[in-house]
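Close look at the chain arrangement
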Amino acid sequence: MRILVTGGAGYIGSHTVKELEKQNYEVIIFDNLSTGRKELVKGKKLIIGDLKNLDEVREVFRKYKFDAVMHFASLIQVGESYKNPLKYYRENILNSLNLLQTMVEEGVNYFIFSSSAAVYGIPKFTPISEDHPLNPVNPYGETKFFIEKMLQNFDRAYGLKYVSLRYFNAAGADPDGELGELHEPETHLIPNILLFLLGKKERFEIYGNDFPTPDGTAIRDYIHVTDLARAHVLALKKLFKTKKSEVFNLGVKKGHSVLEVVKEVEKVTGKKVEYTIKPRREGDVPILIASEERARKELNWKPQYSDLKTIIQTAWNWHRKQVI
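This write-up is about the structure you can find in this document. In this text the structure is predicted, and so the values were computed from the model without any measurement. (Residues numbered from 1 in each chain as written. Predicted model: local features only at pLDDT ≥ 70, side-chain atom pairs only at ≥ 80, totals over all residues. Heavy atoms only, no water.)

1. Things to note about the overall build of the chain
Here is the rule: In DSSP terms, a helix is any run of H or I states spanning at least four residues, a strand is any run of E spanning at least two, and both are numbered starting from the N terminus. C-alpha atoms define the radius of gyration in this analysis, and the globule rule sets the expected value at 2.2 Å times the number of residues to the power 0.38. When accessible area is computed with a 1.4 Å probe and restricted to protein chains, residues below 20% of their type maximum are described as buried, those above 50% as exposed, and intermediate ones as partly exposed. Any two residues having at least one pair of non-hydrogen atoms within 4.5 Å are treated as being in contact.
Counting its secondary structure elements, the chain contains ten helices and 13 strands. Here the C-alpha atoms of the chain give a radius of gyration of 19 Å, agreeing with the 20 Å that 2.2 N^0.38 yields for 324 residues. Expressed along its principal axes, the backbone C-alpha trace of the chain runs to roughly 55 × 45 × 40 Å. Here the chain holds 324 residues, and the buried ones make up 56% of them. Expressed as a percentage of contacts within the chain between residues at least 6 apart in sequence, the contacts between residues at least 24 apart total 78%.

Structural data, given as structure tokens:
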């Protein structure tokens, strides 16, 4: 089967491409390389193009005749989404609409969507289940919410079947050492600590130590990127089999505070992490922890690498290799 992977030169997309090819899917990557990196493509079939150009999208679909689409192409920085919501609405929502329109035109009916726990907003309860009310509190989360609503209506009106995967905090790197995070700028916690230790960042800052948590820093549910990628392949197989649209959280139902992550980094690397405390960032919530029972049960998904030590060790291995 032939799968189109938009954003396949990015962090999560590239790991998912690797897992798809392990399962003998033929993969075509479509990426404008605005945030994706050629280094992560590793010789795969890459078409450089932009989803905002409807003619380019149509040309790719007509040439390759896809069986399904995995959609990772997205802007992801919460802080930037506050400063420039127009950019986020245009790039995330309108580009997704071009993709979905082309799928309908070309009769491609299976879609895996890279969504986010940001659709939930401030949790009313934890762990957060898929039935939790959706109330995003930042423009980035709103774009994911709007696209999920679009998918519901495309299913109803055109029979387009989808699985929406709501990620919690993707982290870590490919255990084989082939892939990892290469964001510019880097906004994620674990790589920022590691890049500071490697001398690639002048300082490491913690945003907020006054959250209502045991140590005052925000708590997040970290999931290894390879476990996340494998869930996409399982979701695709289930979608082909059941032809039923569904939503799944992807986390591991275990939270770690920022300071707990710092302490584990120190254990793994043997280095002391110096940091400064800055005010909370707009839109940051105190605790985000997933209920992942539905994914475990219905996808038969079993995370293998998502303990915090393994996440940090694989990321450390990757980042050290990048600076040698």
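2. Here's the deal with the environment of Lys278
For Lys278, the position within the fold is in strand E12 (residues 276-278). Separated by 36 residues in the primary sequence, Lys278 and Thr314 place their C-alpha atoms 28 Å from one another. Once you skip the residues sitting within four places of it in the chain, Lys278 turns out to touch Glu205, Ile206, Tyr207 and Gly208.

3. Quick notes on the packing of helix H4 (residues 85-106) against helix H5 (residues 139-158)
For the record, the criterion: Note on geometry: axes are lines fitted to C-alpha atoms, helical ones only across the stretch in contact, with angles between N-to-C directions running from 0 to 180 degrees. Angles below 35 degrees are treated as roughly parallel, those above 145 as roughly antiparallel, those between 65 and 115 as roughly perpendicular, and all remaining angles as oblique. By definition, any crossing whose near helix is turned counterclockwise from its far helix by less than a right angle is left-handed, and any crossing with a clockwise turn is right-handed. Note on residue categories: nonpolar means Ala, Val, Leu, Ile, Met, Phe, Trp, Tyr, Cys or Pro, charged means Asp, Glu, Lys or Arg, and polar means any other residue, Gly included.
Two elements in contact, H4 and H5, have axes separated by 10 Å at closest approach and are oriented at 20°. Between H4 and H5, the crossing angle belongs to the class labelled roughly parallel. Remark: the crossing between H4 and H5 carries right-handed chirality. In contact with Pro85, Tyr88, Tyr89, Asn92, Ile93, Ser96, Leu97, Leu100, Gln101 and Val104 of H4, H5 contributes Pro139, Tyr140, Glu142, Thr143, Phe146, Ile147, Met150, Leu151, Phe154 and Tyr158. Looking at the contact of H4 with H5 residue by residue, the classes come out as 15 nonpolar, four polar and one charged.

4. Quick word on the pattern of salt bridges
Going by this rule: For salt bridges, the criterion is a side-chain nitrogen of Lys or Arg within 4 Å of an Asp or Glu carboxyl oxygen.
One pass over the full model with this rule turns up 26 salt bridges. For Arg166, the salt bridge goes to Glu148, with nearest N and O atoms at 2.6 Å. On the criterion of sequence distance, the pair formed by Arg166 in strand E6 (residues 161-167) and Glu148 in helix H5 is long-range, its members being 18 residues apart. On the basis of relative accessibility, which here comes to 4%, the residue Arg166 falls in the buried class. A salt bridge links Glu246 to Lys238; the nearest nitrogen and oxygen atoms lie 2.6 Å apart. A single burial state applies to Glu246 and to Lys238, both of which are buried. The network of salt bridges with common partners includes Lys18, Asp174, Asp176 and Glu178.

5. Concerning the environment of Gly283
With respect to the element layout, Gly283 can be found in the loop between E12 and strand E13 (287-288). Residues Gly283 and Glu148 lie 135 residues apart in sequence; the distance between their C-alpha atoms is 20 Å.

6. A few points about unusual backbone geometry
Omega for the bond connecting Thr126 with Pro127 falls within 30 degrees of zero, at -5°, which places this linkage in the cis form. Tracing the chain through its elements places Pro127 in the loop between strand E5 (110-116) and H5. One non-glycine residue, Asn24, lies in positive phi territory at about 70°. With respect to the secondary-structure elements, Asn24 resides in the loop between helix H1 (11-22) and strand E2 (26-31). Despite not being glycine, Lys65 shows a phi value in the positive range, around 55°. Turning to its location among the elements, Lys65 is positioned in the loop between helix H2 (54-64) and strand E4 (68-71). Lys65 sits in the exposed class, given a relative accessible area of 55%.

7. Regarding the nonpolar core
Operational definition: Among the buried residues, those of types Ala, Val, Leu, Ile, Met, Phe, Trp, Tyr and Cys that are joined through side-chain atoms within 4.5 Å form a nonpolar core.
Ranked by size, the top nonpolar core spans 34 residues in total, and within it Ile3, Leu20, Leu236 and Leu250 carry the most contacts. Elements that contribute at least two residues to this core include exactly strand E1 (2-6), H1, E2, E4, E5, E6, helix H7 (225-242) and strand E10 (246-250). In terms of residues, this core owes the most to one element, H7, which gives eight residues. Look past the residues within four positions of Leu20 in its chain and what remains in contact with it is Ile3, Val5, Tyr25, Val27, Met70, Val233 and Leu236. Residues Ile28, Phe61, Met150 and Tyr162 belong to the second largest nonpolar core, which totals 24 residues.

8. Details of the packing of helix H6 (residues 189-197) against helix H10 (residues 308-323)
The interhelical angle for the contact between H6 and H10, taken along N-to-C directions, is 45°, at an axis separation of 10 Å. In terms of orientation, H6 and H10 fall into the oblique class. The chirality of how H6 crosses H10 is right-handed. Together, Ile190, Pro191, Leu194, Leu195 and Leu197 of H6 and Leu308, Ile311, Ile312, Ala315, Trp316 and His319 of H10 make up the contact between the two elements. Grouping the amino acids of the contact of H6 with H10 by side-chain chemistry returns ten nonpolar, one polar and no charged.

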